[in-house]
Amino acid sequence: MKRFVNTGRISLPISFAIALMVWEGAVYILKTPDYLMPAPSRVFTALVESFPLLMRHGAVTMLEVISGFLSALILSAVISLLMVRYRILYNILWPYMVISQTVPLYVLAPLFMVWFGFGILPKVLIVVLVCFFPITVGLVQGLTSTEPELDELLKIMRATQSQILWKVKVPQAMPQFFSGLKIAAAYSVTGAVLSEWVGAKEGLGIFLTRSMKTFKTAALFADVFIIIVLSLGMFFLVTYLEKKLIKRRTDFYEES
Amino acid sequence: MGLVVDIKGLSKTYKIGGEKLPVLKEVYLSAGKGSFISVIGPSGCGKSTLFRTIAGLEKEFSGTVMVNEQDIRSNPPRLAYMFQKDLLLPWRTVIKNIVLPLELSGKLKEADIKNLEVLINEFGLAGFENAYPHELSGGMRQRAALLRTWLMDGDIILLDEPFGALDALTRINMQDWLIKVWENHRKTVLFITHDIEEAVYLSDRIFVMSKRPGTIIDNVAIEFERPRNRNMLYTEVFLEYKKRLVTLLKDDKLL
């Protein structure tokens with residue numbers, strides 16, 4: 001077991017280093033032009049050169065990500081609680097929520113821009129749209145997963161509706177809630193970038209568009225690298241919060 | 001000795017799809033205050049449905065069910081109930097699980113937690129107050145669930161096969177322990193089991209149920225003196241009881 005864990009820890013950096021070397025070597029041998037496929041070393045140089053610029057654009061993107069993510073979180077919490085409490089709301093809203101996920105984002109993004117302007121509002125709305133669904137699915141599933149016997153036991157104990165909700169259903173929903181939250185966190189940055197891509201003043205998405213149009217492929221790769229780091233950052237932030245909030249419950253995960 | 005549970009002519013039919021499935025038929029059962037009553041019968045005979053009805057979980061039935069001399073139709077009964085599953089909340093420590101009934105009824109005070117120490121000791125949970133359920137053995141989880149049941153409202157405790165999921169050895173220890181705790185407190189206990197030995201060892205009276213639709217075929221008073229000890233199970237008298245119960249159940253073509 002221990003050996004397995006150790007290999008897991010070192011296998012990622014090793015495979016990553018090998019991939020980088022193969023990439024660097026291939027570009028060197030094939031003499032691929034920079035605008036088609038820059039070598040990792042070129043990407044690194046571009047990253048260093050454009051770093052202040054990338055940080056400025058990244059700050060705007062993260063502002064959209066954080067506000068969208070938090071808005072989605074609040075909206076999900078309110079709507080999930082209402083849907084669990086009033087079955088009829090669930091029946092009415094659920095189909096629309098599923099349908100909202102089937103409309104392509106690259107159609108919605110320009111539409112939102114036409115409706116809500118060039119500022120950050122349409123971007124925040126796209127992030128909300130991306131994050132809302134996975135969070136709500138996780139939360140609704142978690143809130144409704146109480147064993148029937150536990151419901152009955154609580155009834156015999158004469159628990160009130162709000163006691164059942166806050167003392168049992170909400171804590172019980174936490175693992176599934178966090179699963180949804182992690183998916184939302186991982187996609188939130190991509191959502192913001194996509195909506196900036198179609199038009200924005202600032203942001204990692206518009207930086208992508210500009211790099212592409214000017215054939216600065218190395219800068220484009222550097223931008224993608226930042227997007228990956230930020231997405232992972234969001235993901236691990238949620239994972240960290242989850243561990244902080246529900247530590248010592250490893251077995252509970254295995255059970256449910 | 002007043003009757004705290006008195007059931008007369010209880011029948012119940014489930015409707016599954018369009019079909020009617022009779023589960024309980026003309027059940028008569030009563031329990032005196034402070035007695036240990038077992039209900040024994042084959043799986044699926046309606047024992048659990050009977051208990052669920054007494055607890056007020058089943059609304060549709062015919063006949064009368066009196067708990068503490070009040071009709072449960074007009075006065076929802078106050079009693080304690082334990083399912084076969086321990087149903088401990090995995091995110092709460094043992095102590096937090098145990099005090100849940102007090103917490104829900106708003107009776108939880110710091111002083112109570114102090115008083116709980118005695119009970120925690122008696123239930124063999126001392127030193128595990130701050131452990132989480134998954135860190136406990138099956139027997140301990142069951143004892144924690146039982147202590148939680150103990151702290152529920154009312155002096156009547158319904159136990160639906162509390163030891164059903166335990167291994168044979170743990171089960172024997174739990175029986176020894178339960179009988180000791182019960183003899184200390186003398187609450188009214190209604191106990192479901194399909195283990196004849198367990199029923200004889202623990203009970204003052206055993207009600208024998210037929211297969212579905214369940215009805216009470218007979219009831220047997222167990223006249224071993226209290227406090228009970230396991231040696232009573234190796235006597236002629238015990239074998240007589242066992243023989244009688246097996247015959248009753250067998251005549252019903254169950255065993």
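Residues numbered from 1 in each chain as written. Chains lettered and ligands numbered in written order. Predicted model: local features only at pLDDT ≥ 70, side-chain atom pairs only at ≥ 80, totals over all residues. Heavy atoms only, no water.

Residues and elements named next belong to chain B. One open sheet holds the 6 strands; their spatial order is 6-7-8-3-9-10, and the pairing between them is mixed. Taken across any chain shown, the strands that pair with only one partner, and hence form the sheet edges, are strand 6 (80–82) and strand 10 (216–221). For this sheet, the mean angle separating the axes of adjacent strands, direction not counted, is 15 degrees. As paired elements, strand 3 (residues 36–40) and strand 8 (residues 188–193) share 5 bridges and run parallel to each other. Within strand 8, the residue paired with Ile 40 across the bridge is Thr 193. Where helix 5 (residues 138–150) meets the sheet, it contacts strand 6 and strand 7 (156–160), and its direction lies at approximately 160 degrees from that of strand 6. (Pairing = 2+ DSSP bridges. Helix = DSSP H or I, 4+ residues; strand = E, 2+ residues; numbered from the N terminus. Axes fitted to C-alpha atoms, helices over the stretch in contact; angles between N-to-C directions. Contact = heavy atoms within 4.5 Å.)

What follows is about the sheet that holds strand 1 (residues 3–16) of chain B. All names here are of chain B. One open sheet holds the 4 strands; their spatial order is 2-1-4-5, and the pairing between them is antiparallel. Two strands lie at the open edges of the sheet, namely strand 2 (19–32) and strand 5 (70–71), each paired on one side alone. As defined by bridge partners, strand 1 adjoins strand 4 (residues 62–67) across 5 bridges and the pair is classed as antiparallel. The residue bridging Asp 6 from the neighbouring strand is Met 66, located in strand 4.

Residue and element names in this part refer to chain A. Among the 10 residues of helix 9 (residues 204–213), 7 are classified as buried, and the element is accordingly described as predominantly covered. Residues Leu 204, Gly 205, Ile 206, Phe 207, Leu 208, Thr 209 and Ser 211 constitute the buried set of helix 9. Where helix 9 is buried, its residues meet helix 3 (51–85), helix 8 (161–197) and helix 10 (217–245). Just beyond helix 9, the residue with positive phi is Phe 215, at close to 60 degrees. (Buried < 20%, exposed > 50% of the residue type's maximum accessible area, 1.4 Å probe, protein only.)

Here we come to the packing of helix 3 of chain A against helix 4 (residues 87–100) of chain A. The packing of two helices is summarised by the inter-axis angle and the distance between the axes. Residue and element names in this part refer to chain A. Running from N to C, helix 3 and helix 4 point in directions that differ by 130 degrees, and their axes come no closer than 6 Å. Between helix 3 and helix 4, the angle is such that the two are oblique. Residues Ile 79, Leu 82, Met 83 and Arg 85 of helix 3 form the contact with helix 4, whose own contacting residues are Arg 87, Leu 89, Tyr 90, Leu 93, Trp 94 and Met 97. Partitioning the contact of helix 3 with helix 4 into residue classes produces 8 nonpolar, no polar and 2 charged. (Parallel < 35°, antiparallel > 145°, perpendicular 65-115°, else oblique. Nonpolar A, V, L, I, M, F, W, Y, C, P; charged D, E, K, R; others polar.)

Residues and elements named next belong to chain B. The buried fraction of strand 3 is high, at 5 of 5 residues. Going residue by residue along strand 3, you find Phe 36, Ser 38 and Ile 40 tucked away on one face and Ile 37 and Val 39 tucked away on the opposite face as well. In this structure, strand 3 lies alongside strand 9 (residues 205–209), joined through 4 bridges in parallel fashion. Counted as the bridge partner of Ile 40 is Val 208 from strand 9.

Turning next to the pattern of salt bridges. Scanning the entire structure with this criterion turns up 19 salt bridges over all chains. Salt-bridge contacts for B:Arg230 lead to B:Asp176; the nearest nitrogen and oxygen are separated by 2.9 Å. Here the residue B:Arg230 occupies a position in the loop between strand 10 and helix 8 (236–251), and B:Asp176 occupies one in helix 6 (residues 168–185), the gap between them amounting to 54 residues. Note on B:Asp176: relative accessible area 26%, which makes it partly exposed. Here B:Glu183 makes a salt bridge to B:Arg226, at a shortest N to O gap of 3.3 Å. Taken together, the positions of B:Glu183 in helix 6 and B:Arg226 in the loop between strand 10 and helix 8 put the pair 43 residues apart, joining distant regions of the chain. Overall, the relative accessible area of 17% leaves B:Glu183 in the buried class. One salt-bridge network, held together by shared partners, links A:Glu152, B:Lys12, B:Arg52 and B:Glu58. (Salt bridge = Lys/Arg side-chain N within 4 Å of Asp/Glu carboxyl O.)

So, about the domain arrangement of chain B. All names here are of chain B. Here chain B is described as being made up of domain 1 (3–79 + 156–251) and domain 2 (91–153). The interface of domain 1 with domain 2 comprises 14 residues on the first partner and 12 residues on the second. Summed over both partners, the interface of domain 1 with domain 2 buries about 1300 Å², with 68% contributed by carbon and sulfur atoms. Scanning the region where domain 1 abuts domain 2 turns up 0 salt bridges. Counting residues per element, the side of domain 1 that touches domain 2 draws most heavily on helix 6, at 7 residues. (Domains from an automatic or database assignment. Buried area = accessible area lost by both parts, 1.4 Å probe.)

Bringing the interface of chain A and chain B into the picture now. Residue-level contacts link 21 residues of chain A with 26 residues of chain B. When chain A packs against chain B, close to 2300 Å² is buried across both sides, 63% of that on carbon and sulfur atoms. For B:Lys85, the salt bridge identified is with A:Glu149, shortest N-O distance 3.5 Å. In this assembly, chain A and chain B are joined by 6 residue pairs in polar contact (both at pLDDT 80 or more). (Polar contact = N/O pair within 3.5 Å; in protein donor to acceptor, adjacent residues only side chain to side chain.)

Residue and element names in this part refer to chain B. With respect to the secondary-structure elements, Asp 86 resides in the loop between strand 6 and helix 2 (94–98). Engagement of the side chain of Asp 86 in a polar contact is seen with the backbone nitrogen of Leu 88, the distance being 2.9 Å. Once you skip the residues sitting within four places of it in the chain, Asp 86 turns out to touch Arg 141, Gln 142, Ala 145 and Arg 148.

Counting 97 residues, the largest nonpolar core has B:Leu50 and B:Leu190 as its most contacted members. Residue-level mapping places this core at the junction of two domains, with at least three residues from each of domain 1 (3–79 + 156–251) and domain 2 (91–153) of chain B. Apart from the residues lying within four places of it in its own chain, the contact partners of B:Leu50 are B:Ile7, B:Leu10, B:Leu24, B:Val27, B:Leu29, B:Val39 and B:Met209. Counting 43 residues, the second largest nonpolar core, distinct from the first, contains A:Cys131, A:Leu143, A:Leu181 and A:Ala184. (Core = buried A, V, L, I, M, F, W, Y, C linked by side-chain atoms within 4.5 Å.)

Next up on the list: unusual backbone geometry. The omega torsion across B:Arg212 and B:Pro213 is -5 degrees, close enough to zero to call that bond cis. Here B:Pro213 is to be found in the loop between strand 9 and strand 10. The omega torsion of the bond from B:Arg226 to B:Pro227 falls at -5 degrees, within 30 degrees of zero and hence cis. Structurally, B:Pro227 is set in the loop between strand 10 and helix 8. In this structure, A:Lys31 takes a positive phi of about 50 degrees despite not being glycine. On the basis of relative accessible area, A:Lys31 is assigned to the exposed category, the value being 68%. Unusually for a residue other than glycine, B:Arg186 sits at a positive phi of about 55 degrees.

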